[in-house]
Amino acid sequence: MQTLNLPAAPLRIDTTNKKPRVFDVIRKKFVALTPEEWVRQHFIHLLISLNYPQALIAVEKLVLVNQLRQRADIVVYNRQGKPVLIVECKAPEVPLSNVTIQQAGRYNTRLGVSHIIITNGLSTYCLFIHPRTHQSRVLSEIPTFETLNAPPF
């Protein structure tokens, strides 16, 4: 798999079958090791290193958008059970664009989070969405779990 611009992650990879699989510490099972999954698993481990509790992270969370069943790659909840962060992961060869932001934005119409991250493992962008004005701005770094609920003014 391609080297990413994310911290190294202690991934467990199984190659006993012909198709490689990686252990997802959130879902607690091996899943197919695709390029997008490679990015997702590295990003999950980055969140854990930033003190995001594993119990408050959901992977491939079902989100109903206009009665269509879609799945957000990663959703993080606060300690009160409210979603506060969406992470949309793409394979490294997929360029990040407004289409990627719009995809995460569609999930956010249902979830109402304050932060959206898009990443392809090579580039990562974090947006803060103001709760009242819905104006967004790019942050220079990914917030830790402790600072996630504090507005970055």
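The structure we're discussing is the one just above.
The structure reproduced in this document is the subject of the present report. (Residues numbered from 1 in each chain as written. Predicted model: local features only at pLDDT ≥ 70, side-chain atom pairs only at ≥ 80, totals over all residues. Heavy atoms only, no water.)

Turning our eyes to something else, we now look at the side chain of threonine 100. By secondary structure assignment, the location of threonine 100 is in helix α2 (residues 98-111). Residue class for threonine 100 comes out buried when judged on its relative accessible area of 3%. For threonine 100, the contacting residues outside a window of four places in its chain are Glu88, Lys90, Pro95 and Ile118. (Helix = DSSP H or I, 4+ residues; strand = E, 2+ residues; numbered from the N terminus. Buried < 20%, exposed > 50% of the residue type's maximum accessible area, 1.4 Å probe, protein only. Contact = heavy atoms within 4.5 Å.)

Turning our attention to the pattern of salt bridges. Counted by the stated rule, this structure contains nine salt bridges. Between arginine 21 and aspartate 14 there is a salt bridge whose closest N-O contact spans 2.7 Å. What makes aspartate 14 buried here is its relative accessible area of 13%. In this structure, aspartate 24 engages arginine 27 in a salt bridge whose closest nitrogen and oxygen atoms are separated by 2.6 Å. Residue classification places aspartate 24 among the buried positions, given a relative accessible area of 0%. Salt bridges sharing common partners tie together Asp24, Arg27, Glu36, Glu37, Arg40, Glu60 and Asp73. (Salt bridge = Lys/Arg side-chain N within 4 Å of Asp/Glu carboxyl O.)

With that out of the way, let us pick up the packing of aromatic side chains. One pass over the full model with this rule turns up two aromatic pairs. Measuring from centroid to centroid gives 5.2 Å for phenylalanine 23 and phenylalanine 30, while their planes differ by 70°, and the two rings are edge-to-face. On the basis of relative accessibility, which here comes to 18%, the residue phenylalanine 23 falls in the buried class. Phenylalanine 30 sits in the partly exposed class, given a relative accessible area of 27%. (Phe/Tyr/Trp six-rings, centres within 6.5 Å; stacked < 30°, edge-to-face > 60°.)

Okay, α2 next. Relative to the 20 Å expected for 14 residues at 1.5 Å per residue, α2 spans 19 Å between its end C-alpha atoms, a close match to the ideal helical length. Structurally, α2 contributes buried residues whose contacts are with β4 (57-65), β5 (68-77), β6 (83-89), β7 (115-119) and β8 (124-129). Taking the backbone nitrogen of valine 99 as reference, a side-chain oxygen 3.2 Å away marks serine 97 as the first, capping residue of α2. In the stretch just after α2, glycine 112 is the one whose phi turns positive, near 65°. (Expected span 1.5 Å × (residues − 1). Polar contact = N/O pair within 3.5 Å; in protein donor to acceptor, adjacent residues only side chain to side chain.)

For threonine 16, the position within the fold is in the loop between β1 (13-14) and β2 (21-24). When the C-alpha atoms of threonine 16 and arginine 110 are compared, they prove to be 40 Å apart, with 94 residues separating the residues in sequence. Engagement of the side chain of threonine 16 in a polar contact is seen with the side chain of aspartate 14, the distance being 2.8 Å.

Turning our eyes to something else, we now look at the pairing of β2. As paired strands, β1 and β2 are joined by two bridges and run antiparallel to one another. Among the inter-strand pairings, isoleucine 13 is bridged to a residue of β2, identified as valine 22. In this structure, the hairpin formed by β1 and β2 is closed by a connection of six residues. Following β2, the chain reverses through four residues before pairing antiparallel with strand β3 (residues 29-32); lysine 28 in that reversal takes a positive phi of roughly 60°. (Pairing = 2+ DSSP bridges.)

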